[in-house]
Protein chains: 2
Amino acid sequence: MGAEVRVLDVEVQRRAVVELLGVLSYAELTAFDRLAEDARMAPTLAGRAALARMAAAEIAHHDRLSARLVELGVDPADAMAPFVAALDGFHDQTRAGSWLEGLVKAHVGDGLATDFYREVATFLPQPDRGLVEEVLADTGHADFAVREVRAAIAADPTQAGRLALWARRLVGEALTQSQAVIAEHDDLADLMMTGTGDLAGVGKLLQRLTAAHGVRMKALGLNP
Amino acid sequence: MGAEVRVLDVEVQRRAVVELLGVLSYAELTAFDRLAEDARMAPTLAGRAALARMAAAEIAHHDRLSARLVELGVDPADAMAPFVAALDGFHDQTRAGSWLEGLVKAHVGDGLATDFYREVATFLPQPDRGLVEEVLADTGHADFAVREVRAAIAADPTQAGRLALWARRLVGEALTQSQAVIAEHDDLADLMMTGTGDLAGVGKLLQRLTAAHGVRMKALGLNP
């Protein structure tokens, strides 16, 4: 392969943009659902309100993405539909069983997804690159989750091992589902291969994702 | 009794304001929960996003009320706590069993609650009166629920009777719970008696609530 520079066909690029906005739009909708569900496990009213607030932020992002899809002449529901099964599958396989599992999922799972989408966004033309980067801005998960999880581990250090295992399961499931999504969407796969350049580029992308994941795990007080 | 004019003690009024902001703040949090739950019953992705959007609006209102409580030197969780049992009781007793029941509950139940809180708000001093009126502004429920429910009844007229019965159950349960709330909160009860003037004033308030409820039921295509 080497340094062969590929340029995406305009129509392929347009379809890839629609696919990325579609998957992100549905991801925000499921994030809303899951955060709303996990909010009910909160041990305090303040924690419950905090998670509900994060859920609301996801919907604001969903709306921005949907509005852009409409601008591109695409029905948001049509753009989301191809990704419903994979994303629902991920959430069904990784339903949080406790308040802490929910927080780890919100921080570690969403963090990984966010990093991945942000990498893909750099391959997009404007204004979509800017829009994706904007809706991926932290909605306040990070600080809140880190504070709560660290406090829980400080109070009961045996939690750390269990939660680290849970985080590893999340990552495994996320990889399985994202491979399936990319394999089924040629334009998105094309966009990524063109953007990364070659397989070595894909490898570097995965290294960056893994490094950032490790930083997040350590911030929570968990072994990556 | 007659036309005796009563003026609330400043401290009693302050406590009544905190109680009203507390109950409303928790009402918005439970409304978020319930809308988020009902969103999952939506027959379409567009309907699901619409309900999620309404849920997000409730959280924005919750935040405004909580911020005002903090300004008044009160922990929002403390202000909400006394109302958790009554409001959770209402929602547990009236869990929507279908998408349409959820919409009727959102429109008829929230409409009634909104009218009631708005009446009480007129007895409040500024800036709290303005704040309550603002957070009670329609979050888009009305049009959406009316459109969906009317369409469903047009497609299957037998739905109308069942949904009207459901709405009557909601109103009965709401009356039971709100009487319990007022009976347990002397300052709120004092505020209402002072505001309405006397029992005749309470009677007129109930008449206004009933009339507005009838208008909402008819808009949905249901017999009040």
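Coordinates for the structure precede this section.
Residues numbered from 1 in each chain as written. Chains lettered and ligands numbered in written order. Predicted model: local features only at pLDDT ≥ 70, side-chain atom pairs only at ≥ 80, totals over all residues. Heavy atoms only, no water.

(A) Representation of the overall build of chain A in the model. Along chain A, the regular secondary structure elements total ten helices and zero strands. Shown N-terminal to C-terminal, the secondary structure of chain A runs as helices and strands in the order α-α-α-α-α-α-α-α-α-α. Relative to a compact globule of 224 residues, whose C-alpha radius of gyration would be 17 Å, chain A shows 18 Å and is just as compact. C-alpha atoms of chain A, sized along the principal axes, occupy 55 × 40 × 25 Å. Looking at chain A residue by residue over its 224 residues, the buried ones come to 53%. Taking the contacts inside chain A whose residues are at least 6 apart along the sequence as the reference set, 82% of them involve residues at least 24 apart. (Helix = DSSP H or I, 4+ residues; strand = E, 2+ residues; numbered from the N terminus. Rg over C-alpha atoms; globule rule 2.2 N^0.38 Å. Buried < 20%, exposed > 50% of the residue type's maximum accessible area, 1.4 Å probe, protein only. Contact = heavy atoms within 4.5 Å.)

(B) Highlighting the interface of chain B and chain A. Between chain B and chain A, the contact holds 22 residues from the first and 22 residues from the second. For the pair chain B and chain A, the summed buried area comes to about 1900 Å², and 60% of that belongs to carbon and sulfur atoms. The three residues of chain B that bury the most area against chain A are B:Arg40, B:Leu45 and B:Arg48, which together make up 30% of that side's buried surface. There are eight salt bridges connecting chain B and chain A. Residue B:Arg40 pairs with A:Glu37 through a salt bridge whose shortest N-O separation is 3.6 Å. (Buried area = accessible area lost by both parts, 1.4 Å probe. Salt bridge = Lys/Arg side-chain N within 4 Å of Asp/Glu carboxyl O.)

(C) Broad picture of the packing of aromatic side chains. Overall, the coordinates contain five aromatic pairs over all chains when judged by the stated rule. Between the aromatic rings of A:Phe32 and B:Phe32, the centroid separation amounts to 5.8 Å while the plane-to-plane angle is 70°, which identifies the pairing as edge-to-face. Placement of the pair is A:Phe32 in helix H1 (residues 10-39) and B:Phe32 in helix H1 (residues 10-39), with the two residues belonging to separate chains. Judged on exposure class, the residue A:Phe32 and its partner B:Phe32 are both buried. (Phe/Tyr/Trp six-rings, centres within 6.5 Å; stacked < 30°, edge-to-face > 60°.)

(D) Layout of the nonpolar core. A:Val104, A:Leu222, B:Val104 and B:Leu222 are the most contacted members of the largest nonpolar core, which totals 145 residues. Discounting residues that sit within four places of it in the chain, B:Leu222 has contacts with B:Val104, B:Ile153, B:Ala160, B:Leu163, B:Ala164 and B:Met217. (Core = buried A, V, L, I, M, F, W, Y, C linked by side-chain atoms within 4.5 Å.)

(E) Representation of the side chain of A:His62 within the structure. Relative to the helices and strands, A:His62 resides in helix H2 (residues 45-71). In this structure A:His62 comes out as buried when scored by relative accessible area, which is 1%. In this view, A:His62 contacts A:Ser25, A:Glu28, A:Leu29, A:Met80, B:Ala49 and B:Arg53; residues no more than four positions away in its chain are not counted.

(F) Seen up close, the environment of A:Ala155. Tracing the sequence through the fold places A:Ala155 in helix H7 (residues 141-155). Residues A:Ala155 and A:Arg15, spaced 140 residues apart in sequence, show a C-alpha to C-alpha distance of 50 Å.

(G) Up close: helix H2 (residues 45-71) of chain B. With 27 residues, H2(B) should reach 39 Å at 1.5 Å per residue; the first-to-last C-alpha distance of 39 Å fits that figure. At the C-terminal side of H2(B), B:Gly73 shows a positive phi close to 80°. (Expected span 1.5 Å × (residues − 1).)

(H) View of the packing of helix H9 (residues 186-196) of chain A against helix H10 (residues 199-220) of chain A. Residue and element names in this part refer to chain A. Remark: H9 packs on H10, axes separated minimally by 7 Å, with the N-to-C direction vectors making an angle of 95°. Comparing their axes, H10 and H9 come out roughly perpendicular. Counted together, Met 192, Met 193 and Thr 196 of H9 and Leu 199, Gly 201, Val 202 and Leu 205 of H10 form the full contact between these two elements. The class makeup of the residues in the contact of H9 with H10 is five nonpolar, two polar and no charged. (Axes fitted to C-alpha atoms, helices over the stretch in contact; angles between N-to-C directions. Parallel < 35°, antiparallel > 145°, perpendicular 65-115°, else oblique. Nonpolar A, V, L, I, M, F, W, Y, C, P; charged D, E, K, R; others polar.)

(I) Looking closely at the relation of the copies chain B and chain A. With an RMSD of 0.0 Å, chain B superimposes on chain A once it is rotated by 180° and translated 0.0 Å along the axis. Both chain copies can therefore be described as sitting about a two-fold axis. If distances are taken from each C-alpha of chain B to the rotation axis, the shortest is found for B:Ala56, at 2.2 Å. Taken together, the interface assignments show that 100% of the residues at the interface of chain B recur at the interface of chain A, consistent with an identical surface on both copies. (Least-squares fit on C-alpha atoms with pLDDT ≥ 70 in both.)

(J) Spotlight on the side chain of B:His91. All names here are of chain B. Along the chain, His 91 turns up in helix H4 (residues 84-93). Its relative accessible area of 14% is what places His 91 among the buried residues. A distance of 2.9 Å separates polar atoms of two side chains, one belonging to His 91 and the other to Lys 105. Here His 91 is in contact with Thr 30, Arg 34 and Lys 105, once residues within four sequence places are set aside. (Polar contact = N/O pair within 3.5 Å; in protein donor to acceptor, adjacent residues only side chain to side chain.)

(K) Focus on the environment of B:Ser25. Residues and elements named next belong to chain B. Position of Ser 25 among the secondary structure elements: in helix H1. In this structure the C-alpha to C-alpha distance between Ser 25 and His 62, which are 37 residues apart in sequence, comes to 5.0 Å. In contact with Ser 25, not counting residues within four places along its chain, are His 62, Leu 65, Ser 66 and Met 80.

(L) Representation of the pattern of salt bridges. Tallied over the entire structure, the rule returns 30 salt bridges over all chains. The partner of B:Glu101 in a salt bridge is B:Arg162, and the shortest N-O contact between them spans 3.9 Å. Of this pair, B:Glu101 sits in helix H5 (residues 99-121) while B:Arg162 sits in helix H8 (residues 159-184); the two residues are 61 residues apart in sequence, bridging distant segments of the chain. According to the relative accessible area criterion, B:Glu101 is buried, its value standing at 14%. Residues participating in the shared-partner salt-bridge network are A:Asp33, A:Glu37, A:Asp92, A:Arg95, B:Arg40 and B:Arg48.

(M) Quick look at helix H9 (residues 186-196) of chain B. Taken together, the buried positions of H9(B) are occupied by B:Asp187, B:Leu188, B:Leu191, B:Met192, B:Thr194 and B:Thr196. One or two positions beyond H9(B), positive phi appears at B:Gly197, with a value near 95°.

(N) View of unusual backbone geometry. Of the consecutive residues A:Gln126 and A:Pro127, the connecting peptide bond is found in the cis state with omega at 5°. If you trace the backbone, A:Pro127 turns up in the loop between helix H5 (99-121) and helix H6 (128-135).

(O) Here's a closer look at the packing of helix H4 (residues 84-93) of chain A against helix H8 (residues 159-184) of chain A. All names here are of chain A. The geometry of H4 relative to H8 is characterised by a closest axis approach of 10 Å and an angle of 165° between their N-to-C directions. By the angle class used here, H4 and H8 are roughly antiparallel. In this structure, the crossing between H4 and H8 has a hand that is right-handed. Residues Ala 86, Gly 89, Phe 90 and Gln 93 of H4 form the contact with H8, whose participating residues are Arg 169, Leu 170, Glu 173, Ala 174, Gln 177 and Val 181. The class makeup of the residues in the contact of H4 with H8 is five nonpolar, three polar and two charged. (Left-handed = near helix turned anticlockwise from the far one by under 90°.)

Structural measurements only, silent on function.
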